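Here is how the chains run, residue by residue.
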Amino acid sequence: MKQEVYDRFKDYKKNHCWQYEIRQQNLTIDLKRACLTTEQHKVLRINDFEFSYVDKTDKDSCGEIKRFIERHEWLGKLPARPTQRFVARLKKNGALAGVIIMATPNAFSHILGKENRDKEKLISRGACISWAPKNLGSWLIMSAIKHMVKHTEFRAFSAYSDPEAKELGTIYQACNFIYLGQKSGTAKQYFDPKRPDLGWFSDRDFRKKSKYVVYATNIGIEKNIWKKYFMNKYSPNWEGWAGLIKKELKAEERKYRESCLVRPTKPKHKYIYILGQTKKETKKLKKLFDKHNPGVLQLAYPRERGE
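Remember, predicted model here, so these are calculated numbers, not experimental data.

Caption draft 1: The arrangement of the pattern of salt bridges in detail. Evaluated as defined, the whole model comprises ten salt bridges. Note that Lys 250 and Glu 253 form a salt bridge whose closest N and O atoms lie 3.2 Å from each other. Residue Lys 250 and its partner Glu 253 are both found in helix H10 (residues 246-258); the two are separated by three residues, about one turn of the helix. Looking at Lys 250, the relative accessible area reads 24%, which means it is partly exposed.

What follows is the structure, given as structure tokens:
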């Protein structure tokens, strides 16, 4: 993560959201790169763009998406477990104008009941370029959701907006998402000064599979041996060999945690969109939502920016 991305979390104090700010700052150079004039960009409409799904095997497009997110999105980095990528391109010249990345949720909710927990997908990253028309973002989000419903088993699409970025979730409100309140996210975030490219991360990262490989290496266990004998699919096998060295591993975890910078964070706004392949399926899913979430049915959209 570049220094300006690190600083924005400390210093952003404007009254409007960060993505609006960055659109203003980037407009001149973005127009030049897309070979557009100010007059041309002002008359752009949704039908001037095409929507497409980007497969993970398309390395060139995935690299372009990564660079786009780093330049135009608040967090400035890809999510931990991206699964699907969608883009909007200008038909005229193929210029990349918007990106949506979906990912595996950090924790599955029971928004549609425990038996449907695997039907949820997280809209993890999203951004539009400065010269995009105002409603490109909402069109791109809904196009991505409809693609997911048509081609996958996912039916609930969660999303967050960050008060630190002065976000309200206006784009989700425009798409008629259901508001779930402002109580999501971690209370603290961490920053590794030796790995600024990682950006700020939650305490869940200390328990990632990749991190345990590092902890094990630090106490003298070779990577291949660790993976073969000490790991389950996603976490250490605490009932087996890993349990015998749990204290040493946890000591390495604490050591790494204490080497990181830490900052308090505010709860995020959370939204959800529910969609089935047919009106009948959508109606059934929304009944399940009403049954399992009676406390959020009348929540009003937030209107006041800030923390």
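Still more to cover.
Caption draft 2: Representation of the packing of aromatic side chains. Inspection of the entire model under this criterion finds 16 aromatic pairs. Geometrically, the ring pair formed by Tyr 53 and Phe 86 is tilted, given 5.6 Å between the ring centres and 55 degrees between the ring planes. Residue Tyr 53 is located in strand E1 (residues 49-54), and its partner Phe 86 is located in strand E2 (residues 82-90); the two are separated by 33 residues in the primary sequence. Here Tyr 53 falls in the partly exposed class, since its relative accessible area comes to 35%. The class for Phe 86 is buried, based on a relative accessible area of 0%. Centroid distance Tyr 212 to Tyr 215: 5.4 Å. Interplanar angle 85 degrees. Geometry classified as edge-to-face.

Caption draft 3: Fine view of a positive patch on the surface. Residues Lys 209, Lys 223, Lys 227 and Lys 233 make up a contiguous surface patch of positive charge. Relative to the helices and strands, Lys 209 is located in helix H7 (residues 209-218). A relative accessible area of 40% places Lys 209 in the partly exposed class.

Caption draft 4: Fine view of helix H11 (residues 279-292). With 14 residues, H11 should cover 20 Å at 1.5 Å per step; its first-to-last C-alpha distance of 20 Å lies within 8% of that length. Looking at the buried side of H11, the elements it contacts are strand E6 (178-184) and strand E9 (268-274).

Rules used throughout
Residues numbered from 1 in each chain as written. Predicted model: local features only at pLDDT ≥ 70, side-chain atom pairs only at ≥ 80, totals over all residues. Heavy atoms only, no water. Salt bridge = Lys/Arg side-chain N within 4 Å of Asp/Glu carboxyl O. Helix = DSSP H or I, 4+ residues; strand = E, 2+ residues; numbered from the N terminus. Buried < 20%, exposed > 50% of the residue type's maximum accessible area, 1.4 Å probe, protein only. Phe/Tyr/Trp six-rings, centres within 6.5 Å; stacked < 30°, edge-to-face > 60°. Patch = residues over 30% accessible without salt bridge, like charges linked within 9 Å, V, L, I, M, F, W, Y side chains within 5 Å. Areas by Shrake-Rupley, 256 points an atom, 1.4 Å probe, with all protein chains shown as cover. Lys, Arg positive; Asp, Glu negative; His and termini not counted. Charge placed at Lys NZ, Arg CZ, Asp CG, Glu CD. Expected span 1.5 Å × (residues − 1). Contact = heavy atoms within 4.5 Å.

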